[in-house]
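Each chain, written out:
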Amino acid sequence: MSNNLKRPLDIMARLRDPASGCPWDIEQTFATIAPYTIEEAYEVADAIEQDDLSSLREELGDLLFQVVFHARMAEEAGHFDFEAVAETIADKMLRRHPHVFGNESVESLAAQTLRWEEQKASERAADADAKGRRASALDGVPKTLPALTRADKFGRRAARVGFDWPDADGVLLKIDEELKELREAIDNGEPQQAADELGDLLFAVTNLARHLETDPETSLRGTIARFEQRFREVEESYARDGRDISEASLDDMEARWQATKDREAAD
């Protein structure tokens, strides 16, 4: 093991030392550290989105340290250590790439993707069998994923066994149906039913994204980014006029919003 990789392992061992370590690090558990692990993964994604390679190097280090943290706690409990984590992922990558490390061959990216999914399904089935339960096409989708991402994965898993609309038109009809049911729940003054119908509508929209071969999470993030930029420009327009946006009329705000969109289109 290189010194650069050994250093964070040694640092974590020192931080977790019951006698001389850091009180905060000593008190942590898998559950308390998990939110930080998720946060660090998002910060990696943000650095990539910002095309900030300097930040990416730092954020990847932060994410690696999360792996080191979890591995150290597991080692202390006698389950596994960092070496076992590294060995497990190496073995998995070898197993899932027989066309690179074995005798199999693939003719296209689509064929390779299909083979990858088949291998993962086989692994999930073996895991379910080892645990004495029936395997499901939905096994292995983490509950902690963002809701849109999890919905998209469920839709893709169901589609692989044929539970899907034949095309985007079928999904659009489903969206119309869910929107009608949502309106009825609102009109009937049924807040819980409306919440349920809204969830059904959002789930249908994620399936539409899949049929359009786009990622719903990415699409929504793009919309949020555009909203943020436009709203900030509207705020700035009021600031230049010496006015408070909270005192403006909705019609005036809408006019400035539309002007911002028109400038974007012109550019």
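Residues numbered from 1 in each chain as written. Predicted model: local features only at pLDDT ≥ 70, side-chain atom pairs only at ≥ 80, totals over all residues. Heavy atoms only, no water.

Notes on the packing of aromatic side chains
And step 1. Evaluation of the coordinates by the stated rule reveals three aromatic pairs.
And step 2. Judged by centre distance (5.8 Å) and plane angle (80 degrees), the ring pair of Trp24 and Tyr36 falls under edge-to-face. Within this pair, whereas Trp24 is found in helix H2 (residues 23–27), its partner Tyr36 is found in helix H3 (residues 30–49), the two being separated by 12 residues in sequence.
And step 3. On the accessibility criterion, Tyr36 (37% relative accessible area) is partly exposed.
And step 4. Considering the side-chain rings of Phe227 and Trp257, the 5.3 Å spacing of their centres and the 50 degrees angle between planes classify their relative orientation as tilted. Of the two residues, Phe227 is situated in helix H11 (residues 216–240) and Trp257 in helix H12 (residues 250–266); the sequence distance between them amounts to 30 residues.
And step 5. What links up through ring pairs into an aromatic cluster is the set Phe227, Phe231 and Trp257.
And step 6. Here the basic side chain of Arg96 rests over the ring of Trp116, its NZ or CZ set 5.1 Å away from the ring centre. (Phe/Tyr/Trp six-rings, centres within 6.5 Å; stacked < 30°, edge-to-face > 60°. Helix = DSSP H or I, 4+ residues; strand = E, 2+ residues; numbered from the N terminus. Buried < 20%, exposed > 50% of the residue type's maximum accessible area, 1.4 Å probe, protein only. Lys NZ or Arg CZ within 6 Å of the ring centre and 35° of its normal.)

Brief notes about the confidence of the model for the chain
And step 1. With 100% of its residues at a pLDDT of at least 70, the chain reaches an overall mean of 94.
And step 2. Least confident of the elements in the chain is helix H7 (residues 109–130), whose mean pLDDT is 82; most confident is helix H9 (residues 168–187), at 98. (pLDDT = per-residue confidence, 0-100.)

Notes on the side chain of Arg124
And step 1. Looking at the element boundaries, Arg124 is found in helix H7.
And step 2. The charged side chain of Arg124 is buried without a salt bridge, its nearest counter-charge being Glu117 at 5.1 Å.
And step 3. Each residue touching Arg124, except ones within four places of it in the same chain, is listed here: Ala137, Asp139, Gly140 and Arg157. (Lys, Arg positive; Asp, Glu negative; His and termini not counted. Salt bridge = Lys/Arg side-chain N within 4 Å of Asp/Glu carboxyl O. Contact = heavy atoms within 4.5 Å.)

With respect to the pattern of salt bridges
And step 1. Taken as a whole, this structure holds 21 salt bridges when the rule is applied.
And step 2. We note a salt bridge from Asp10 to Lys6, for which the minimum N-O separation is 2.7 Å. Residue Asp10 and its partner Lys6 are both found in helix H1 (residues 3–15); the two are separated by four residues, about one turn of the helix.
And step 3. Of the residues examined, Asp10 reaches a relative accessible area of 41% and is grouped as partly exposed.
And step 4. We classify Lys6 as partly exposed; its relative accessible area is 39%.
And step 5. Put simply, Glu49 and Arg221 hold a salt bridge, and the shortest N to O gap is 2.7 Å. In this pair, Glu49 sits in helix H3 while Arg221 sits in helix H11, placing the two residues 172 residues apart along the sequence.
And step 6. Look at Glu49 and you get partly exposed, because its relative accessible area is 49%.

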